[in-house]
Amino acid sequence: MLLLASGVLEPDELVLVRATLDGARFVDGKLSAGTAARRVKRNEELDAGAPDLDRLNRVVMGKLTRHPVYRNGALPLHAASPLYARYRPGMNYGDHLDDPIMGGDGLMYRSDVAVTIFLTAPGEYDGGELVIRTAAGEQVVKAAAGDAVLYPAGTIQDRKSTRLNSSHSSVSRMPSS
């Protein structure tokens with residue numbers, strides 16, 4: 001299953017999200033990776049203590065959770081707070097599987113469905129494709145800014161190396177009902 005949800009974020013929302021991310025502090029993405037993923041993860045993520053994180057999450061997750069493709073395709077029980085990733089030139093996230101159990105602070109959940117929201121237009125950066133290996137073969141995704149792709153969290157995936165400029169995306173996982 002690979003589902004594309006077009007227009008999750010509107011252009012004015014993308015401007016707000018990108019402006020927030022452009023002025024924010026990012027940290028090494030390996031800090032949120034599981035043991036195996038740390039070996040292949042080369043990106044940056046928005047600092048968990050970022051002052052505008054709650055507002056950013058309300059915009060991004062508020063729009064995602066109301067999108068019909070997300071609601072009908074994922075059948076989510078709930079969703080994890082998203083991570084906001086940045087890939088600068090030369091950064092990538094090699095072949096990996098999402099951890100099947102995620103969470104913290106006493107709230108653990110199964111990671112059944114993953115969703116990536118593209119926050120940068122494809123023409124603004126070179127490389128950086130999301131590759132998802134499904135039973136139907138290798139699926140390469142580089143969607144429009146504001147679009148999301150939903151896919152099984154248990155599939156091998158990787159994010160190809162960004163070669164020019166930077167790209168941003170938001171990633172969340174959730175158990176389905």
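For clarity, every value in this text was computed on a predicted model and none was experimentally measured. (Residues numbered from 1 in each chain as written. Predicted model: local features only at pLDDT ≥ 70, side-chain atom pairs only at ≥ 80, totals over all residues. Heavy atoms only, no water.)

A. Layout of the environment of isoleucine 156. In this fold, isoleucine 156 is placed in strand 14 (residues 156–159). For isoleucine 156, a relative accessible area of 38% translates into the label partly exposed. Note: C-alpha distance between isoleucine 156 and histidine 96 (60 residues apart in sequence) is 5.4 Å. Once residues lying within four places of it in the same chain are set aside, the contact partners of isoleucine 156 are Asp95, His96, Leu97, Val131, Ile132 and Arg133. (Helix = DSSP H or I, 4+ residues; strand = E, 2+ residues; numbered from the N terminus. Buried < 20%, exposed > 50% of the residue type's maximum accessible area, 1.4 Å probe, protein only. Contact = heavy atoms within 4.5 Å.)

B. Seen up close, the sheet that holds strand 12 (residues 137–141). Pairing in this open sheet of five strands is antiparallel, and the strands run 3-6-14-11-12 from one edge to the other. Edge positions in the sheet fall to strand 3 (41–42) and strand 12, since each of these pairs with one other strand and no more. When strand 6 (residues 92–96) meets strand 14, the two strands line up antiparallel, connected through two bridges. Within strand 14, the position partnered with tyrosine 93 by the bridge is arginine 159. (Pairing = 2+ DSSP bridges.)

C. A look at the environment of glutamate 124. Among the secondary structure elements, glutamate 124 is positioned in the loop between strand 9 (113–118) and strand 10 (126–127). For glutamate 124, a relative accessible area of 38% puts it in the partly exposed group. When residues no more than four places from it in sequence are discounted, the contact partners of glutamate 124 are Arg18, Leu164 and Asn165.

D. Fine view of the pattern of salt bridges. All chains considered together, the criterion is met by twelve salt bridges. The partner of aspartate 95 in a salt bridge is arginine 133, with the nearest N and O atoms 3.1 Å apart. Residue aspartate 95 is located in strand 6, and its partner arginine 133 is located in strand 11 (residues 130–134); the two are separated by 38 residues in the primary sequence. Here glutamate 138 and arginine 133 are joined by a salt bridge, their closest N and O atoms 3.4 Å apart. A residue is classified by how much of its surface remains accessible, and arginine 133, at 27% relative accessible area, is partly exposed. Residues joined in a network through salt bridges with shared partners are Asp95, Arg133, Glu138, Asp158 and Lys160. (Salt bridge = Lys/Arg side-chain N within 4 Å of Asp/Glu carboxyl O.)

E. Seen up close, the packing of aromatic side chains. Inspection of every chain in the model, using the stated rule, returns zero aromatic pairs. Positioned above the aromatic ring of phenylalanine 26, the side-chain terminus of arginine 86 is 4.0 Å from the ring centre. (Phe/Tyr/Trp six-rings, centres within 6.5 Å; stacked < 30°, edge-to-face > 60°. Lys NZ or Arg CZ within 6 Å of the ring centre and 35° of its normal.)

F. How the structure looks around the environment of alanine 50. Mapped onto the elements of the fold, alanine 50 is located in the loop between strand 4 (44–46) and helix 2 (53–66). Judged by relative accessible area, alanine 50 falls into the buried class, the value being 16%.

G. Focus on the sheet that holds strand 16 (residues 167–174). Pairing in this open sheet of seven strands is antiparallel, and the strands run 1-13-9-16-5-4-2 from one edge to the other. A strand with exactly one partner marks an edge of an open sheet, and here the two such strands are strand 1 (3–5) and strand 2 (26–28). Going across the sheet, the axis of each strand differs from the next one's by a mean of 30 degrees, ignoring polarity. Strand direction decides the pairing type here: strand 1 and strand 13 (residues 148–152), joined by three bridges, are antiparallel. Looking across to strand 13, one finds that leucine 4 is bridged to valine 149. Contacts between helix 1 (residues 11–22) and the sheet are confined to strand 2, strand 4, strand 5 (83–87), strand 9 and strand 16, with strand 16 contributing the most and set at about 100 degrees to the helix. (Axes fitted to C-alpha atoms, helices over the stretch in contact; angles between N-to-C directions.)

H. Broad picture of the nonpolar core. Ranked by internal contacts, the top residues of the largest apolar core, which has 25 residues, are Leu9, Leu21, Leu46, Leu64, Tyr84, Ile117 and Leu119. Taken together, the elements giving at least two residues each to this core come down to helix 1, helix 2, helix 3 (68–74), strand 9 and strand 13. When residues of this core are assigned to their parent elements, the largest contribution, six residues, is made by helix 2. Other than its neighbours up to four places away in sequence, tyrosine 84 contacts Leu21, Phe26, Glu44, Glu45, Leu46, Leu53, Leu56, Asn57, Val60, Leu119, Ser169 and Ser170. Core analysis: the second largest hydrophobic core is formed by ten residues, Ala114, Phe118, Leu130 and Ala143 among them. (Core = buried A, V, L, I, M, F, W, Y, C linked by side-chain atoms within 4.5 Å.)

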